[in-house]
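Below are the chains, spelled out letter by letter.
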Amino acid sequence: QVRLVESGGGLVQAGGSLRLSCAASGRTFSTYIMAWFRQAPGKERELAAVSLIGGSTYYADSVKGRFTISRDNAKNTLYLQMNSLKPEDTAVYYCAAQTRPGTRYDLWGQGTQVTVSS
C-alpha cells in the first residue's frame, strides 16, 4: 500500500524559510497529481499548491510568489519550499495524492506542523 510521509516542519520566525518533503512509497509516484494542503487552527483545510503530471503547477493566491512546489520522480518525493513566511502560514501541512488523476485526493500523509512566530 502506498504511503505518504511528510517531514521538514518546525518553528521559524516571520520572514524565514522552510522546506517540506513528502516521501511516497510505491513505484507509480510519477503518475500521481500531488498537492500540499494546510489547515490552520479553527479553519478548514485549504489547498496550497499542486504539482501536475506534466510539470505544471498551481498555487493558492495566499502563497503565490512565496512557495514553490516541486517533485523528484526518481526519488518519489514531493517538496514545498516556503519563503518569506508569515504568521498566517502557521498550520499543519499535509501532502496528498490523486492516484487516479481527475478524481479525488485519495492518499494523505499524517501532516507536519509549521509554526511561524511574529
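Look above for the structure.
Residues numbered from 1 in each chain as written. Predicted model: local features only at pLDDT ≥ 70, side-chain atom pairs only at ≥ 80, totals over all residues. Heavy atoms only, no water.

A short note on the overall build of the protein chain
Phase 1 of the analysis: Each helix and strand counted, the protein chain has zero helices and eleven strands in total.
Phase 2 of the analysis: Relative to the 2.2 N^0.38 estimate, which gives 13 Å for 118 residues, the radius of gyration of the protein chain is 13 Å and therefore close to what a compact globule would have.
Phase 3 of the analysis: The C-alpha extent of the protein chain, read off along each of the three principal axes, is 40 × 25 × 25 Å.
Phase 4 of the analysis: Looking at the protein chain residue by residue over its 118 residues, the buried ones come to 44%.
Phase 5 of the analysis: Excluding contacts between residues fewer than 6 apart, the proportion of contacts in the protein chain whose partners are at least 24 apart in sequence is 55%.
Phase 6 of the analysis: Of the roughly 6,300 Å² of accessible surface on the protein chain, 48% is carried by carbon and sulfur atoms. (Helix = DSSP H or I, 4+ residues; strand = E, 2+ residues; numbered from the N terminus. Rg over C-alpha atoms; globule rule 2.2 N^0.38 Å. Buried < 20%, exposed > 50% of the residue type's maximum accessible area, 1.4 Å probe, protein only. Contact = heavy atoms within 4.5 Å. Areas by Shrake-Rupley, 256 points an atom, 1.4 Å probe, with all protein chains shown as cover.)

Overview of the sheet that holds strand E8 (residues 77–82)
Phase 1 of the analysis: In space, the four strands of this open sheet follow the order E1-E3-E8-E7, with antiparallel pairing throughout. The strands lining the two open edges of the sheet, one partner per strand, are strand E1 (4–7) and strand E7 (67–72). Taking each pair of neighbouring strands and ignoring which way they run, the sheet shows an average axis angle of 15°.
Phase 2 of the analysis: When strand E3 (residues 18–24) meets E8, the two strands line up antiparallel, connected through six bridges. Residue pairing for E8: Arg 19 is matched across the bridge by Gln 81. (Pairing = 2+ DSSP bridges. Axes fitted to C-alpha atoms, helices over the stretch in contact; angles between N-to-C directions.)

Quick look at the state of the cysteines
Covalent bonding between the sulfur atoms of two cysteines is what defines a disulfide.
Phase 1 of the analysis: Scanning the model with the defined rule gives one disulfide in all.
Phase 2 of the analysis: The residue that forms a disulfide with Cys 22 is Cys 95, at a sulfur-sulfur distance of 2.0 Å. Every disulfide takes its handedness from the sign of the S-S torsion; for Cys 22 and Cys 95 that torsion is -70°, giving left-handed. Remark: Cys 95 occurs in strand E9 (residues 91–98) and Cys 22 occurs in strand E3; sequence separation between them is 73 residues. (Disulfide = S-S within 2.5 Å.)

Let's talk about the packing of aromatic side chains
Phase 1 of the analysis: Enumeration according to the criterion identifies three aromatic pairs in this entry.
Phase 2 of the analysis: For the ring pair Phe 37 and Trp 108, a centre distance of 4.8 Å and an interplane angle of 50° mean the geometry is tilted. Note that Phe 37 is positioned in strand E4 (residues 33–39) and Trp 108 in strand E10 (residues 107–108), a separation of 71 residues in sequence.
Phase 3 of the analysis: Ring pairs connect the aromatic residues Phe 37, Tyr 105 and Trp 108, which therefore count as one cluster. (Phe/Tyr/Trp six-rings, centres within 6.5 Å; stacked < 30°, edge-to-face > 60°.)

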